[in-house]
Amino acid sequence: MTRIAFLGLGHMGLPMALNLVKAGHDVVAFDVMDAARQAAADAGLTVAESGVDAVAGAEVVITMFPAGKHVLDAYQGGLLDAAAPGTLFIESSTIAVDEARAAHELALAAGHRNVDAPVSGGVVGAENGTLAFMVGGSDEDFEAARPLLEAMGKRIVHCGGPGLGQAAKVCNNMILAVSQIVVGEAFVLGERLGLAHEALYDVVSQASGQCWALSTNCPVPGPVPTSPANRDYQPGFAGALMAKDLGLAVKAIEQTDTDAKMGRLAQELYASFASGDGAGRDFSGIITDIRDGRV
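Because the structure is a prediction, the values reported are computed rather than measured.

Draft legend 1. How the structure looks around the overall build of the protein. Counting secondary structure elements, the protein contains 13 helices and 9 strands. Its C-alpha radius of gyration of 20 Å places the protein within 12% of the 19 Å reference for a compact globule of 295 residues. For the C-alpha atoms alone, the extent of the protein along its principal axes is close to 65 × 45 × 35 Å. In the protein, which comprises 295 residues, the proportion classed as buried is 51%.

Here it is as structure tokens:
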């Protein structure tokens, strides 16, 4: 049993923390939002009065925050000072590569260990314990984190040194965004050509166009009953989060002087989608903006 401080109890963080409890770990949780703390308490988690209180006495600290600023502010705002020497910090937020490396350096300077371990799999993956973790850090710290990540996920990949978990995440989400857009465009084109959704799905799902954006996140109701399209595009993974992640991708594109026209275009389209009601809808709902000519 490991004593874990879990900070950030949103749609992803809460089920992740609960899976750690189910695996037999001692979890003390905290979130800055009153509603999130209440939901965690109602679910049976031990909730601390503050992040600093949660960290005191913990062997491992897991953070699941909205953005890199929150991670760096929390690390410098008392978390690192409150932790016992040698505490393992697992940073599972999706943040910029340079922010992940800055967090790593802060942790090391304070006498701690750190890995970046962003996730893929959405709320369903968090609830079912089937997330994929992309991990950046030393071999030793990866092996220390692995048993805890396995309690929350199904696939754990060591991507290399500090920041490279975030690098893998930003590349993956850029591929996913571009795929989701073109799958939506294909279904709209099929509609206008008189092609039934089911017929197009039956062909493409067994042909060279098959991809996750089609087979799992199909953007039209019917062919994949579990896709968000059958729940009026309830996320899932919200359009606002995809727009945020693509902003990180564009930052990386610019920092590395990479010619990535499709990634940049996807960021523009999802920024437009998220500026309207797409912010709170599943990112596959961008098909409605494609259909209506809004992107």
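Once the structure has been displayed, the description carries forward.
Draft legend 2. Structural view of the nonpolar core. If you look at the biggest cluster of nonpolar residues, it comprises 33 residues, and the most contacted ones within it are Phe6, Met16, Leu20, Ile90, Phe133 and Leu149. Looking at this core, the element that brings in the most residues is helix 7 (residues 139-152), giving 6 residues. Excluding residues within four positions of it along the chain, Ile90 makes contact with Val60, Val61, Ile62, Thr63, Val115, Ala117, Ala145, Leu148 and Leu149. Among the nonpolar cores identified, the runner-up in size contains 29 residues, and Leu176, Ile181, Val188 and Met242 belong to it.

Draft legend 3. Region of the structure containing the packing of aromatic side chains. This structure, assessed with the given rule, holds 4 aromatic pairs. On the basis of an interplanar angle of 65° and a centroid distance of 5.2 Å, the ring pair of Tyr75 and Phe89 is categorised as edge-to-face. Residue Tyr75 is found in helix 4 (residues 68-82), and its partner Phe89 is found in strand 5 (residues 88-91); the two are separated by 14 residues along the sequence. On the basis of relative accessible area, Phe89 is assigned to the buried category, the value being 0%. Between Tyr270 and Phe283 the ring centres are 6.3 Å apart and the planes differ by 50°, which places this aromatic pair in the tilted class.

Draft legend 4. Spatial organisation of the pairing of strand 4 (residues 60-63). Going residue by residue along strand 4, you find Val60 and Ile62 tucked away on one face and Val61 and Thr63 tucked away on the opposite face as well. Across 4 bridges, strand 1 (residues 3-7) lies against strand 4 in parallel orientation. When the bridges of strand 4 are listed, Ala5 appears paired with Val61. Note on the crossover from strand 4 through helix 4 to strand 5: the handedness is right-handed.

Draft legend 5. Local environment of the packing of helix 4 against helix 5 (residues 97-109). Contact pair helix 4 / helix 5: the axes reach a minimum separation of 9 Å and the direction vectors enclose 10°. In terms of orientation, helix 4 and helix 5 fall into the roughly parallel class. Contact with helix 4, carried on its side by Gly68, Lys69, Val71, Leu72, Tyr75, Gln76 and Leu80, involves Glu99, Ala102, Ala103, Leu106 and Ala107 of helix 5 and no other residues of that element. Grouping the amino acids of the contact of helix 4 with helix 5 by side-chain chemistry returns 8 nonpolar, 2 polar and 2 charged.

Draft legend 6. Representation of the environment of Val188 in the model. Tracing the chain through its elements places Val188 in helix 8 (residues 164-192). When the C-alpha atoms of Val188 and Ile290 are compared, they prove to be 7.5 Å apart, with 102 residues separating the residues in sequence. Excluding its chain neighbours within four sequence positions, the residues that come into contact with Val188 are Ile287, Ile290 and Arg291.

Draft legend 7. Inspection of helix 12 (residues 261-274) at higher detail. The terminal C-alpha atoms of helix 12 lie 20 Å apart, and with 14 residues this matches the ideal 20 Å at 1.5 Å per residue to within 8%. Those residues of helix 12 not exposed but buried are Gly263, Ala266, Leu269, Tyr270, Phe273 and Ala274. On an axial view of helix 12, the arc spanned by its buried residues comes to 130°, and they lie on one face. In helix 12, the exposed residues that point more than 90 degrees away from the buried face are Lys261 and Glu268.

Draft legend 8. View of the side chain of Asn114. With respect to the helices and strands, Asn114 occurs in strand 6 (residues 113-116). At 3.2 Å, the side chain of Asn114 forms a polar contact with the side chain of Tyr75. Here His104 takes part through its side chain, which lies 3.3 Å from a polar atom of the side chain of Asn114. If we skip the residues at most four places from it in the chain, Asn114 touches Tyr75, Leu88, Phe89, Glu91, Ala103, His104, Ala107, Leu108, Gly137 and Asp141.

What counts, and at which threshold
Residue positions are counted from 1 within each chain, in the order its sequence is given. In keeping with the predicted nature of the model, local features appear solely for residues at pLDDT of at least 70, side-chain atom pairs appear and are counted solely at 80 or more, and the whole-chain, interface and lining totals rest on all residues. Side-chain metrics rest on all non-hydrogen atoms present in the structure, leaving aside hydrogens and water. Strands here mean DSSP runs of E at least two residues long; helices mean DSSP runs of H or I at least four residues long; both are numbered from the N terminus. Just to be clear, the radius of gyration here is over C-alpha atoms, and the globule rule we use is 2.2 Å times residues to the power 0.38. For every residue, the accessible area obtained with a 1.4 Å probe (protein chains only) is divided by the maximum for its type, and the residue is called buried under 20%, exposed over 50%, and partly exposed between those limits. Nonpolar core, defined: a set of buried Ala, Val, Leu, Ile, Met, Phe, Trp, Tyr and Cys residues in which side-chain atoms within 4.5 Å join the residues together. Only heavy atoms matter for contacts: two residues are in contact if any of them lie within 4.5 Å across the pair. Pairing of aromatic rings covers Phe, Tyr and Trp, the last counted by its six-membered ring, and requires centre-to-centre distances within 6.5 Å; plane angles under 30 degrees mean stacked, over 60 mean edge-to-face, and any other angle means tilted. A strand pair is defined by DSSP finding two or more bridges across the two strands. Note on handedness: a clockwise path from strand one over the helix to strand two, with the strands aimed away from the viewer, defines a right-handed crossover. Angular values range over 0 to 180 degrees, each being the angle between N-to-C directions of two axes fitted as lines to C-alpha atoms, with helices fitted over their stretch in contact. Any angle between 65 and 115 degrees counts as roughly perpendicular, while under 35 counts as roughly parallel, over 145 as roughly antiparallel, and the rest as oblique. Residue polarity is assigned by list, with Asp, Glu, Lys and Arg as charged and Ala, Val, Leu, Ile, Met, Phe, Trp, Tyr, Cys and Pro as nonpolar; anything else, Gly included, falls into the polar class. A helix is expected to span 1.5 Å for every residue after the first. The arc refers to the directions leading from the helix axis to the C-beta atoms. For the purposes of these results, a polar contact is taken to be a pair of N or O atoms within 3.5 Å, where, inside protein, one atom must be able to donate a hydrogen and its partner to accept one; residues adjacent in sequence count only when each atom of the pair is a side-chain atom.

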